[in-house]
Amino acid sequence: GESVGLHLPTLSVQEGDNSIINCAYSNSASDYFIWYKQESGKGPQFIIDIRSNMDKRQGQRVTVLLNKTVKHLSLQIAATQPGDSAVYFCAEIRYNFNKFYFGSGTKLNVKP
Amino acid sequence: SQTIHQWPATLVQPVGSPLSLECTVEGTSNPNLYWYRQAAGRGLQLLFYSVGIGQISSEVPQNLSASRPQDRQFILSSKKLLLSDSGFYLCAWTDRPHTDTQYFGPGTRLTVL
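From a predicted model like this one, the values you see are computed outputs, not experimental measurements.

We now examine the overall build of chain A. Across its full length, chain A holds 0 helices and 11 strands. Written out in order from the N terminus, the α and β elements of chain A read β-β-β-β-β-β-β-β-β-β-β. Within chain A, buried positions represent 45% of all 112 residues. Across chain A, every contact between residues at least 6 apart in sequence was considered, and the portion connecting residues at least 24 apart equals 54%. Split by element, the accessible area of chain A, about 5,400 Å² in all, is 47% carbon and sulfur.

A few words on the confidence of the model for chain A. Note: predicted coordinates in regions of low pLDDT should not be interpreted at a detailed level. Of the residues in chain A, 89% have a pLDDT of 70 or more, and the chain-wide mean is 86. Scored below 50 in pLDDT, residues 1-8 of chain A shows 33 contacts in the model against residues more than four places distant or in partner chains.

Another aspect to go through is the state of the cysteines. Residue and element names in this part refer to chain A. Inspection of the entire model under this criterion finds 2 disulfides over all chains. Residue pairing for Cys23: its cysteine sulfur links by disulfide to Cys90, the two sulfurs lying 1.8 Å apart. Linking Cys23 and Cys90, the disulfide has an S-S dihedral of approximately 50 degrees and is accordingly described as right-handed. Of the two residues, Cys23 sits in strand S3 (residues 19-25) while Cys90 sits in strand S9 (residues 86-94), which places them 67 residues apart along the sequence.

Here we take up the packing of aromatic side chains. Enumeration according to the criterion identifies 11 aromatic pairs over all chains in this entry. Ring centres 5.7 Å apart and planes at 70 degrees place the aromatic pair A:Phe102 and B:Phe104 in the edge-to-face group. Taken together, the residues span two chains, with A:Phe102 in strand S10 (residues 99-102) and B:Phe104 in strand S10 (residues 103-104). The burial state of A:Phe102 is the same as that of B:Phe104; both residues are buried.

Rules used in this analysis
As a convention, each chain's residues are numbered from 1 in the sequence order in which they are written. Labels are handed out in written order, letters beginning with A for the chains and numbers beginning with 1 for the ligands. Local features in this predicted model are restricted to residues of pLDDT 70 or higher, and side-chain atom pairs are both shown and tallied only at a pLDDT of 80 or more, whereas totals for entire chains, interfaces and linings draw on every residue. Derived side-chain values reflect all non-hydrogen atoms in the structure, with water molecules and hydrogen atoms excluded from consideration. Numbering of helices and strands starts at the N terminus; helices are DSSP runs of H or I of at least 4 residues and strands are runs of E of at least 2. Only protein chains enter the accessibility calculation, which uses a 1.4 Å probe; a residue whose area is less than 20% of its type maximum is buried, one above 50% is exposed, and one in between is partly exposed. Contact criterion: two residues are considered in contact whenever any of their non-hydrogen atoms come within 4.5 Å of each other. Per-residue and other accessible areas were derived by the Shrake-Rupley procedure at a 1.4 Å probe size, with only the shown protein chains allowed to occlude residues. What pLDDT conveys is the predictor's confidence in a given residue, as a value from 0 to 100. Criterion for a disulfide: a pair of cysteine sulfur atoms within 2.5 Å. Two rings from Phe, Tyr or Trp (for Trp, the six-membered ring) form a pair when their centres sit within 6.5 Å of each other. Planes less than 30 degrees apart are called stacked, planes more than 60 degrees apart edge-to-face, and all others tilted.

Right under this line is the structure:
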């Protein structure tokens, strides 16, 4: 069936380096995408979003890239910090079904 | 500002016992509400969603049920818990269902023994 998945289940980076977390989606009709950060034992927190009519969006230290041709989404974190260690989920939203579909998550480990 | 509450934060229940988890949202009206379950190290599984009072859509057939007795209250229940019901339960809401972000509560850690 349709799904949202992540390429890498874990990612380890050195503090100060840039991190790139990838996500593949299967439904080209998806309208909206969100990246969430989930720290251990807590609910997911919104990081950044992007609509399907865009290919790039920047926030504070984070950038989301959307490649609709290959149905790929990525989250780039600049100058990764220990506080960035968490599991990152991508979510795919299809408005006509009023549903959110979440990937399984990538665990980011930031080494000091 | 809007906030979402869940309780209890943690719960340990024996197999076969009932369950009631509560979620409430403040600072908004007529939100869409969602219940998710997250198994250890896994992604989010949508269980139920509600677009209004008394309106519940079930995504996964199981021994859980949901109810929405008030606009900003969403309850997850079970008459008899199974071991497989253990997990992290998250409530979420959206303000405008087709244009807005989904925000999550702090979650309830349920352990069924």
